[in-house]
Amino acid sequence: MTDSSNSKVGFISLGCPKALVDSERILTQLKMDGYDVVPTYEDADVVVVNTCGFIDSAKQESLDAIGEAIKENGKVIVTGCMGKDEELIRETHPEVLAVSGAAQYEQVVGQVHEWAPKPVAVEHNPFIDLVPDTGVKLTPRHYAYLKISEGCNHRCTFCIIPSLRGDLVSRPVGDVLDEAQRLADAGTRELLVVSQDTSAYGVDVKYRTGFWQGRPVKTKMLDLCEALGELDVWVRLHYVYPYPHVDNVIPLMAEGKILPYLDIPFQHASPKVLKAMKRPAAAENTLNRIKKWREICPELTIRSTFIVGFPGETEEDFQMLLDWLEEAQIDRAGCFKYSAVDGATANELADPVPEEVKEERLARFMEVQQRISAERLKLKIGTWQPVIIDEVVEEGAVGRTMHDAPEVDGQIFIDDATHLSPGDQVLVEVIDADEYDLWGRLLDAEEIMAE
Ligand code: SF4
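Because the structure is a prediction, the values reported are computed rather than measured.

For the rest of this paragraph, the subject is the overall build of the chain. Secondary structure assignment for the chain yields 13 helices and 20 strands. Projected onto its principal axes, the C-alpha positions of the chain cover 65 × 60 × 50 Å. By residue count, 54% of the 451 residues in the chain fall in the buried class. Just so you have it, the chain exposes about 20400 Å², and 52% of that area is on carbon and sulfur atoms. One way to put it: in the chain the 45 positive side-chain charges average out to a point 6 Å from where the 78 negative ones average out.

Below, the structure written as structure tokens:
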């Protein structure tokens, strides 16, 4: 319910899951300050656009969104990754009221206060406030992104995130765990741990010991995972690099404490290309590492992303990537053609790969990846899988197994299961599979008892 006397804010959130978490934070603070968040331009006193500035097409999308908000409303505040490009924003849209950068929550909230009067201040009171303790979530209620740090200490040559977001700053482990606990208590069934480099959590504070529920916990990926594993929710790790210490979390996966899932953006397999990219852990023998992980936890699913056509990538380098892919049996992979990003040092590298060669390599990569994915999914036919339901449509329920992250991986379709609701967790027998998705049937009570 909105109070007509309160100031009203419109909000547009663009970009990656990390930007979504930023949007949630800003919205939470605005709600706590008494603002109403409205879904239309005409009802808003001011519109906030949280932008993405990662690649040129994302920048254009952000500029277009700002333009639309100016046309429809007129009072627009810009925040997010593109804040670094303030000059470009102001050149394109001189009417913009204020600009701030990624994760500058206080600044953007202050700017909203300036342009739309702050309602009479009230202390947050869980009994009268419309804002739950858990904050305002833009993801469905049953899953949530848990951001554990800001920034990044690496300097990959194709990436400008460190210049946009700065060096790694880990959130205090007690704060992260408190947030996770509040989310779990409020009904979140799945936590997606995100950061630029989850495996580097705590490096900046020398793995300082923090406190959670009165007991010491180190600011370290393993200790964080152990504590999250006590919350009785699915815990999924994103943006991990294959450092030796990642070996330590695999037993937690084998024991069912956290999901047997690792999202590792390998980006390439040729040592020469990885070196030119300045990728973290580029020197590690990743094939051996993956093999060892799968011995400890055979259920492990590995998702990754790759770049083809990086400057200097030869046919030999690319073939090495395809061979590596076959051998590593990566379950889920996204692939992108390299494209220059304004301000990235890779732009100065010699030997750019012609566009048609990039296209051709992308197609060959996807062909191999699709086959691997299809073969690996076929092995699941006949198995029973715990599934979380994301949505219910006319024909049945759509969910995900433990091996699939929301929005980026595959789904499982369960015909006729319209009595289910989003967030339900059920046991499903896999009855069919294609390259990316599964089909299943609900197990009846007797079958579950037999299990
Ligand atoms: S690890 Fe590399 S690609 Fe990822 S944010 Fe850091 S610099 Fe960018």
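Our next topic: the sheet that holds strand S20 (residues 438-442). A barrel is described by the order of its strands in space; here 5 strands give the closed sequence S16-S17-S18-S20-S19, paired in mixed fashion. Neighbour-to-neighbour, the strand axes of this sheet turn through a mean angle of 50 degrees, independent of strand direction. The pairing of strand S16 (residues 384-393) with strand S17 (residues 396-401) spans 6 bridges and is antiparallel. The residue bridging Val393 from the neighbouring strand is Gly396, located in S17.

The next point concerns the pattern of salt bridges. All told, the structure shown has 31 salt bridges when counted by the stated rule. Here Glu355 makes a salt bridge to Lys358, at a shortest N to O gap of 3.4 Å. Here Lys358 and Glu355 lie together in helix H12 (residues 355-378), a separation of 3 residues that amounts to about one turn. For Lys358, a relative accessible area of 9% puts it in the buried group. For Glu429, the salt bridge goes to Arg441, with nearest N and O atoms at 2.8 Å. Note that Glu429 is positioned in strand S19 (residues 425-433) and Arg441 in strand S20, a separation of 12 residues in sequence.

Another point: the packing of aromatic side chains. Evaluated as defined, the whole model comprises 7 aromatic pairs. Centroid distance Phe310 to Tyr338: 5.1 Å. Interplanar angle 75 degrees. Geometry classified as edge-to-face. With a gap of 28 residues between them, Phe310 in the loop between strand S14 (301-308) and helix H11 (315-328) and Tyr338 in the loop between strand S15 (332-337) and H12 connect regions that are remote in the sequence. Comparing Phe310 with Tyr338 shows no difference in burial state: the two are buried. Aromatic side chains Phe413 and Trp439 sit 5.4 Å apart centroid to centroid with 40 degrees between the ring planes, which places their arrangement in the tilted category.

Turning our eyes to something else, we now look at the side chain of Glu179. Relative to the helices and strands, Glu179 resides in helix H6 (residues 173-185). Among the polar contacts made by the side chain of Glu179, one reaches the side chain of Arg171 at a distance of 2.7 Å. Leave out the neighbours within four places in its chain, and Glu179 touches Arg25, Tyr145, Leu146 and Arg171.

Once that is clear, we can look at the environment of Ile250. Locating Ile250 in the fold gives a position in helix H8 (residues 250-254). When its relative accessible area of 0% is taken as the criterion, Ile250 is described as buried. The spacing of Ile250 and Leu321 is 71 residues in sequence and 25 Å in space, taken between C-alpha atoms. Leave out the neighbours within four places in its chain, and Ile250 touches Leu262, Trp293, Ile296 and Cys297.

Looking only at helix H10 (residues 286-296), the buried set comprises Thr286, Arg289, Ile290, Trp293 and Arg294. One side of H10 holds all its buried residues, which, seen down the axis, span an arc of 130 degrees. Every exposed residue of H10 that faces more than 90 degrees away from the buried side is listed here: Lys291 and Glu295. Residues of H10 that are buried make contact with H8, strand S13 (261-263), S14, H11 and H12.

Before going further, it helps to examine the sheet that holds strand S2 (residues 36-37). With parallel pairing, 5 strands are arranged side by side in an open sheet as S2-S1-S3-S4-S5. Lying at the two open borders of the sheet, with one neighbouring strand each, are S2 and strand S5 (98-99). When strand S1 (residues 8-13) meets strand S3 (residues 46-51), the two strands line up parallel, connected through 5 bridges. Bridge pairing in S3 places Gly10 opposite Val47. The sheet strands contacting helix H1 (residues 17-32) are S1, S2, S3 and strand S4 (76-80), and the helix crosses S1 at an angle near 175 degrees.

On to the packing of H6 against helix H7 (residues 221-228). Running from amino to carboxyl end, H6 crosses H7 at an angle of 25 degrees, the nearest separation of the two axes being 11 Å. Relative to H7, the element H6 is oriented roughly parallel. The handedness of the crossing between H6 and H7 comes out as right-handed. Two secondary-structure elements touch here, H6 through Val173, Val176, Leu177 and Ala180 and H7 through Leu224, Ala227 and Leu228.

Lining the immediate environment of the ligand, one finds Cys152, His154, Cys156, Phe158, Cys159, Ile161, Pro162, Gln196, Tyr241 and Arg279. In terms of residue class, the shell around the ligand is built from 7 nonpolar, 2 polar and 1 charged.

Moving on, we get to the pairing of S17. Along any regular strand the residues' side chains alternate between the sheet's two faces. With 6 of its 6 residues buried, S17 lies for the most part within the structure. The antiparallel hairpin formed by S16 and S17 contains 2 residues in its connecting segment. Bridge analysis of S17 against strand S18 (residues 412-415) gives 4 bridges, and the strand direction is antiparallel. Each bridged residue has a counterpart across the sheet, and for Val398 the counterpart in S18 is Phe413.

Turning our attention to the pairing of S16. Relative to S19, S16 is paired through 5 bridges, and the arrangement is antiparallel. Within S19, the residue paired with Pro386 across the bridge is Leu427.

One finds Leu228, Leu237, Leu262, Phe306, Ile330 and Phe365 to be the most contacted residues of the largest nonpolar core, which totals 54 residues. Among all residues touching Phe365, those that are not within four sequence positions of it are Phe306, Val308, Phe318, Leu321, Leu322, Leu325, Ala333 and Cys335. With 18 residues, the next largest nonpolar core counts Val47, Met82, Ile89 and Val96 among its residues.

Reading the values: the criteria
- Residues numbered from 1 in each chain as written.
- Predicted model: local features only at pLDDT ≥ 70, side-chain atom pairs only at ≥ 80, totals over all residues.
- Heavy atoms only, no water.
- Helix = DSSP H or I, 4+ residues; strand = E, 2+ residues; numbered from the N terminus.
- Buried < 20%, exposed > 50% of the residue type's maximum accessible area, 1.4 Å probe, protein only.
- Areas by Shrake-Rupley, 256 points an atom, 1.4 Å probe, with all protein chains shown as cover.
- Lys, Arg positive; Asp, Glu negative; His and termini not counted.
- Charge placed at Lys NZ, Arg CZ, Asp CG, Glu CD.
- Pairing = 2+ DSSP bridges.
- Axes fitted to C-alpha atoms, helices over the stretch in contact; angles between N-to-C directions.
- Salt bridge = Lys/Arg side-chain N within 4 Å of Asp/Glu carboxyl O.
- Phe/Tyr/Trp six-rings, centres within 6.5 Å; stacked < 30°, edge-to-face > 60°.
- Polar contact = N/O pair within 3.5 Å; in protein donor to acceptor, adjacent residues only side chain to side chain.
- Contact = heavy atoms within 4.5 Å.
- Arc of directions from axis to C-beta.
- Parallel < 35°, antiparallel > 145°, perpendicular 65-115°, else oblique.
- Left-handed = near helix turned anticlockwise from the far one by under 90°.
- Near = heavy atom within 4 Å.
- Nonpolar A, V, L, I, M, F, W, Y, C, P; charged D, E, K, R; others polar.
- Core = buried A, V, L, I, M, F, W, Y, C linked by side-chain atoms within 4.5 Å.

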